[in-house]
Amino acid sequence: MNADNRTEQHTAVVGLQWGDEGKGKVVDLLTARHDVIVRYNGGANAGHTVMVGEERYALHLIPSGILYSDKVCVIANGVVVDPQVLIEEIDSLRARGVEVADNLRISDRAHVVMPYHKEHDAALESVLSNRVGGESEDLSIGTTRRGIGPAYADKVHRSTAIRMGDLLDVNRLHRHLRVICAIRSAELAALGVTAPPLDPDDLASRYSALGQRLATHITDTVYLLHDYLSEGRSILFEGANACLLDIDHGTYPYVTSSNCSTLGIPAGTGLPGSWIRRVVGTMKAYSTRVGAGPFPTEQDNETGLRIRDRGNEYGTTTGRPRRCGWLDLVAVRYSAMICGVTGLACMLLDVLSGFDELRLCTHYRRADGSVTDRFVPDAEGLSRMTPVYETLPGWSQEIDDASDRSALPANARRYLDRIEEVVGVPVEIVSVGPERTQTLVEV
Ligand code: IMP
């Protein structure tokens, strides 16, 4: 295909804050216009909740496109796959009548999250939170304990990694695990884990059995995706986690272990980024964060509790209460820049109904009193920033039955207009409730 003929048919959906922006709903909305839905990063640390009528689906690894019978879902090479979680997800979808067959393709090069990765994740977090690093410092990240960091670490270590394709060759898997288990057992013991040493025979037989169950889905997804492009099929890239959790561009070290901005798409799929012309940046009308790390606009007070309560701000994956605060547009503008966002989806606007006044952070004040509109993608530096707010009038009425943007109260429209002005990107989608129908689409 000629490069100039690359249409705007391929779309990426990415979170612009610290995750949980409601990407699942945006992906679900855009799925109808695409043929193939691709996950390119992260693992079972992500969680999407999609409502279809009265049915609620919570998905961690499989793209929500699986709920449409005519779409293909691809878990590409950049994802770390916990085969146990994946099989549970497949089984629970099938039990509810959702077909999972040729419509799910998994990269043979995606790395496997093994049980010792999860043990390592939890043990390391616990050691770090026990303040071994100093008298008062808690150095834990607040991970989801899904083994994400250790699995990506093994990918980079190379010699101790296991990929999905490896699960299909039991002898090779067994040979590898004999060495890996000896190393990991020693490491886990050093982290204070008292369990018996890892058993390579048991792990090899259990994980090759899981591989066999997934065998028909495992393939070379790089050629597969290029074949789809040649056939003119349109692709939707579904980002997991979010830009401010990106390993290179987020609030390091309080980030996840993959490139979850759109910059992760080329490496995580094998498709050059030039194919993607439309990037929908998903943001909440306020800010939330789970786990540790700086959060300049956090409201650890009545306002934060009210947002948490109205927005039901508890993690899909871990159930943890989320930290809540005012909308940080310095952060959103930065993420929109990193991700090449062409349109915004502003989610959960209905949660802000009933506040007399709303605050928007447009700048940060540094310790020396100077003001900047630039984000600080470093935890230490960001923790020294104080938010500079604009105050906007709120609206009292509920907006969950608004049918389009013009039907919103004037102050809600003004709030959206100000977001567009500060970020410099149009708001294309506004969500005013969990249902598919409670979505105001401008394009
Ligand atoms: P990990 O990805 O489990 O290693 O966790 C690293 C950090 O990213 C922690 O602060 C997690 O709470 C956060 N995190 C990872 N995935 C998500 C997500 O999908 N939503 C929100 N936070 C996440």
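For the structure itself, look to the data block above.
Residues numbered from 1 in each chain as written. Predicted model: local features only at pLDDT ≥ 70, side-chain atom pairs only at ≥ 80, totals over all residues. Heavy atoms only, no water.

Chemist: Help me understand the overall build of the protein chain, please; the structure alone is not making it clear to me.
Modeler: On a plain count of helices and strands, the protein chain comes out with twelve helices and 20 strands. Relative to its length of 443 residues, the protein chain is compact, with a C-alpha radius of gyration of 22 Å against a globular reference of 22 Å. Each of the three principal axes of the protein chain carries a C-alpha extent, and together these read 65 × 60 × 40 Å. Residues classed as buried in the protein chain amount to 54% of the 443 residues present. Only carbon and sulfur atoms are counted for the fraction: they give 48% of the accessible area of the protein chain, which is about 18,200 Å². Averaged over its 46 positive side-chain charges, the protein chain has a centre that lies 2 Å from the centre of its 59 negative ones. (Helix = DSSP H or I, 4+ residues; strand = E, 2+ residues; numbered from the N terminus. Rg over C-alpha atoms; globule rule 2.2 N^0.38 Å. Buried < 20%, exposed > 50% of the residue type's maximum accessible area, 1.4 Å probe, protein only. Areas by Shrake-Rupley, 256 points an atom, 1.4 Å probe, with all protein chains shown as cover. Lys, Arg positive; Asp, Glu negative; His and termini not counted. Charge placed at Lys NZ, Arg CZ, Asp CG, Glu CD.)

Chemist: I would appreciate a short explanation of the sheet that holds strand β9 (residues 218-219) in the present structure.
Modeler: The strands making up a sheet associate through hydrogen bonds between their backbones, and the pairing can be parallel or antiparallel. Taken in spatial order, the ten strands line up as β9-β7-β5-β2-β10-β1-β11-β15-β19-β20 in an open sheet, and their pairing is mixed. This sheet does not close on itself; its edge strands, each paired only once, are β9 and β20 (439-441). Where strand β15 (residues 343-347) meets strand β19 (residues 427-431), three bridges bridge the pair, whose relative direction is parallel. Along β19, the bridge assignment pairs A345 with I429. Sheet contacts for helix α7 (residues 221-230): β2 (36-39), β5 (72-75), β7 (104-107), β9 and β10 (235-238); angle to β5, the most-contacted strand, approximately 145°. (Pairing = 2+ DSSP bridges. Contact = heavy atoms within 4.5 Å. Axes fitted to C-alpha atoms, helices over the stretch in contact; angles between N-to-C directions.)

Chemist: I keep staring at the site of the ligand and nothing clicks. Help me out?
Modeler: Around the ligand, 16 residues are found, and the nearest of them are N45, T144, N241, T256 and R320. Within the side chain of N241, one N or O atom sits 2.9 Å away from a nitrogen atom of the ligand. V290 places a main-chain nitrogen or oxygen 3.3 Å from an oxygen atom of the ligand. Considered on its own, the ligand offers 470 Å² of accessible surface; in the complex 96% of this is hidden by protein. (Near = heavy atom within 4 Å. Polar contact = N/O pair within 3.5 Å; in protein donor to acceptor, adjacent residues only side chain to side chain.)

Chemist: Honestly, the environment of L93 in this entry has me stumped. Any pointers?
Modeler: As for its position among the elements, L93 is in helix α2 (residues 83-95). The sequence separation of L93 and G192 amounts to 99 residues, and the corresponding C-alpha distance is 38 Å. Once residues within four sequence positions are removed from consideration, L93 is found in contact with Y57, L59, I62, I66, L67, V98 and V100.

Chemist: Explain the side chain of S234 here, please?
Modeler: Locating S234 in the fold gives a position in the loop between α7 and β10. Polar side-chain contacts of S234 include one of 3.5 Å to the backbone oxygen of R33. Other than its neighbours up to four places away in sequence, S234 contacts Q9, H10, R33, H34, D35 and V36.

Chemist: Hey, could you run me through unusual backbone geometry in this one?
Modeler: A negative phi holds for most residues other than glycine; trans holds for most peptide bonds. A cis amide bond, omega 5°, links Y252 with the succeeding residue P253. Relative to the elements of secondary structure, P253 occurs in the loop between β10 and α8 (264-269). Of note in the backbone geometry, D20 takes a positive phi value of approximately 65° without being a glycine. Assignment of secondary structure puts D20 in the loop between β1 (11-15) and α1 (23-31). Looking at D20, the relative accessible area reads 25%, which means it is partly exposed. Of note in the backbone geometry, R158 takes a positive phi value of approximately 70° without being a glycine.

Chemist: How should I be thinking about the pattern of salt bridges in this particular structure?
Modeler: Evaluation of the coordinates by the stated rule reveals 23 salt bridges. Its salt-bridge partner being R322, residue D20 comes within 3.3 Å of it at the nearest N-O pair. You can see D20 sitting in the loop between β1 and α1 and its partner R322 sitting in the loop between α9 (302-311) and β13 (323-325), a full 302 residues away along the chain. The class of R322 is buried, set by a relative accessible area of 6%. Among the ionic pairs, E421 bridges to R418, the shortest N-O distance being 2.6 Å. With E421 and R418 both in helix α12 (residues 410-423) and three residues apart, this pair spans about one turn of that helix. A residue is classified by how much of its surface remains accessible, and R418, at 25% relative accessible area, is partly exposed. Through salt bridges with shared partners, a single ionic network connects D20, K284, E313 and R322. (Salt bridge = Lys/Arg side-chain N within 4 Å of Asp/Glu carboxyl O.)

From the geometry alone we can't say anything about function, so treat these as descriptive.
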